[in-house]
Amino acid sequence: MKYRVLASFLMAALSSLPAAAQAPAAKAAASSAKVAAKTAWTPPKTPWGDPDLQGQWPATANIPMQRPANLGERAELTDAELAQRESQAKTQAAEDGEEIAKGSSDVTINPPSYWVERGKPVRQASLVVDPPNGRIPPMTPEGQAAVKALRGGLGPGSHFPDKVDSWEDFDIYSRCITRGMVNSMLPTLYNFGNEIIQAPGTVVIRNEMIHETRVIPLDRRPHVGKGIAMYMGDPRGHWEGNTLVVETTNLKDQPGVGGGLFTDAARLTERFTRISQNELSYDLTVNDPKTWTKPWTLHMPYKLDPNYKI
């Protein structure tokens, strides 16, 4: 009832606007009504009474990590901007299938581009949604110094390094160790799969790429001691209404998302909310005051795909 009343007020307000202002305002009203309807949706429950998040949720949405600076604080693309991204994705997919001519200088040690899987562009302008400009905050002086000191002052390894004198010239993803947190939940070159499995008192998240599995207890047990650090950290979960909240600490100081190193102060907070039968909202906040000047949050929309095979 309250959503219908809100919609009535919105329509009354819109009717008093000049015609030129009504189109964007009408879109905003429609978006608000859609969110309200999803908020009111009641997810199914497991046999033991927890909200049911189980299923295959591949990370197939094609969204850049950071927002182009020219978009400012605009979180969504216009129709024209979305059409441009879709056209670019289509062009890239066609190029993936092209063969490299014999003797071409384009030949590299990298795998062929047709191995790459392309996600579908969506209207969301960037994965980072907070700060409002969609950009990862600057690193602290301490954080910058820690990154620069890696490899004897050369900085972190990379996925396709120019210099290969040591295993450290490659990042931990290229060495097939892990994609780590936060990257394991986000799109990559291929193997987009994410599966959620639940049991009483436990949630399990499987990531297809590098075959990560996180077993998350829900019994409010404390985190392990500070002397233990892990690539995927030490997760603990609890329910807040229909939202699964997972807090992760004890992360190894490995380069990862955002270009910085996690420290012993790092705390990641994930929020999983099923907002419709086929949609899962995922928000992750990175808080490491020794590395970044302020916390930052990303949002990834997942679509249920019962036919996806890990």
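Procedures and definitions
Residues numbered from 1 in each chain as written. Predicted model: local features only at pLDDT ≥ 70, side-chain atom pairs only at ≥ 80, totals over all residues. Heavy atoms only, no water. Helix = DSSP H or I, 4+ residues; strand = E, 2+ residues; numbered from the N terminus. Buried < 20%, exposed > 50% of the residue type's maximum accessible area, 1.4 Å probe, protein only. Contact = heavy atoms within 4.5 Å. Phe/Tyr/Trp six-rings, centres within 6.5 Å; stacked < 30°, edge-to-face > 60°. Lys NZ or Arg CZ within 6 Å of the ring centre and 35° of its normal. Pairing = 2+ DSSP bridges. 1 Å grid on protein atoms, 1.4 Å probe; cavity = no way out; pocket = protein on both sides within 12 Å on 5 of 7 lines; lining within 4 Å. Points joined across faces, edges and corners; volume = space filled by probe spheres on them. Axes fitted to C-alpha atoms, helices over the stretch in contact; angles between N-to-C directions. Salt bridge = Lys/Arg side-chain N within 4 Å of Asp/Glu carboxyl O. Polar contact = N/O pair within 3.5 Å; in protein donor to acceptor, adjacent residues only side chain to side chain.

Trainee: Would you mind showing me how to read the overall build of the protein chain here?
Mentor: If you tally the helices and strands in the protein chain, you get five helices and 12 strands. Counting all 310 residues of the protein chain, 37% fall into the buried class. Considering only intrachain contacts with a sequence separation of at least 6, the fraction spanning at least 24 residues in the protein chain is 57%.

Trainee: So what exactly am I meant to see when it comes to the packing of aromatic side chains here?
Mentor: When we look at a pair of aromatic rings, we describe it by the centre distance and by the angle of the planes. One pass over the structure, following the stated rule, counts four aromatic pairs. Between F262 and W292, the aromatic rings sit 6.1 Å apart at their centres with planes inclined by 65°, giving edge-to-face as the arrangement. A residue pair is termed long-range when its members are at least 10 positions apart, and F262 in the loop between β9 (243-249) and β10 (267-276) and W292 in the loop between β11 (279-287) and β12 (296-303) qualify at 30 residues. Comparing F262 with W292 shows no difference in burial state: the two are buried. Measuring from centroid to centroid gives 5.7 Å for W292 and W296, while their planes differ by 75°, and the two rings are edge-to-face. With a relative accessible area of 2%, W292 lands in the buried category. The structure contains a cluster of three or more aromatic residues connected by ring pairs, namely F262, W292 and W296. Taking the ring centre of Y173 as reference, the NZ or CZ of R179 above it sits at 5.4 Å.

Trainee: Would you mind going over the pairing of β9 with me for this structure?
Mentor: In terms of burial, β9 is a largely internal element, six of the seven residues being buried. Pairing between strand β8 (residues 234-240) and β9: seven bridges, direction antiparallel. Looking at the pairing, P235 lines up with T248 of β9. Counting the residues between successive antiparallel strands, the hairpin from β8 to β9 contains two residues, one of them, G241, with a positive phi of roughly 65°. As paired strands, β9 and β10 are joined by six bridges and run antiparallel to one another. Residue pairing in the sheet places V245 in a bridge with R271 of β10.

Trainee: In this structure, what is going on with empty space enclosed by the protein? I would like to understand it.
Mentor: To find leftover empty space, a probe the size of one water molecule is rolled over the atoms. The full count for this structure, using the stated rule, is one cavity of 30 Å³ or more. What lines the largest cavity is simply A59, R179, S184, L186, T188, N191, F192, G193, N194, N207, E208 and M209.

Trainee: Explain the sheet that holds β12 to me, please; I cannot follow it from the model alone.
Mentor: What links the strands of a sheet is backbone hydrogen bonding, and the strands pair in either a parallel or an antiparallel sense. The six strands lie next to each other as β4-β12-β11-β10-β9-β8, forming an open sheet whose pairing is antiparallel. In this open sheet, the two edge strands, each paired with only one partner strand, are β4 (128-130) and β8. Recorded for the sheet is a direction-independent mean angle of 25° between the axes of neighbouring strands. Examined bridge by bridge, β10 and β11 share nine bridges and lie antiparallel to one another. The residue bridging F272 from the neighbouring strand is Y282, located in β11.

Trainee: I tried to follow the sheet that holds strand β6 (residues 202-207) on my own but got confused; where do I start?
Mentor: Ordered by their spatial adjacency, four strands build an open sheet running β1-β5-β6-β7, and the pairing between neighbours is antiparallel. Each edge of the sheet is formed by a strand with only one pairing partner; in this case those strands are β1 (55-56) and β7 (212-217).

Trainee: I keep staring at the pattern of salt bridges and nothing clicks. Help me out?
Mentor: Pairing between side chains of opposite charge can happen when the charged atoms of each approach one another. Taken as a whole, this structure holds 13 salt bridges when the rule is applied. In this structure, K163 and D169 form a salt bridge, with 3.3 Å as the shortest nitrogen-oxygen distance. Residues K303 and E279 are paired through a salt bridge, measuring 3.3 Å at the closest nitrogen-oxygen approach. Residue K303 is found in strand β12, and its partner E279 is found in strand β11; the two are separated by 24 residues along the sequence.

Trainee: It is not clear to me how the environment of Q254 should be interpreted in this structure. Could you clarify?
Mentor: As for its placement among the helices and strands, Q254 is situated in the loop between β9 and β10. Taking the C-alpha atoms as reference points, Q254 and M181, 73 residues apart in sequence, are found 9.8 Å from one another. Setting aside residues no more than four positions away along its own chain, Q254 makes contact with I172, Y231, G260, L261 and F262.

Trainee: Got a minute to help me understand the side chain of D169 in this structure?
Mentor: Inspection of the secondary structure puts D169 in the loop between α5 (150-153) and β5 (194-199). D169 sits in the buried class, given a relative accessible area of 2%. Within the structure, the side chain of D169 is placed 3.3 Å from the side chain of K163, a separation counted as a polar contact. For D169, the side chain forms a polar contact with the main-chain nitrogen of S166, separated by 2.9 Å. Once residues within four sequence positions are removed from consideration, D169 is found in contact with R151, G157, S158, P161, K163 and V164.

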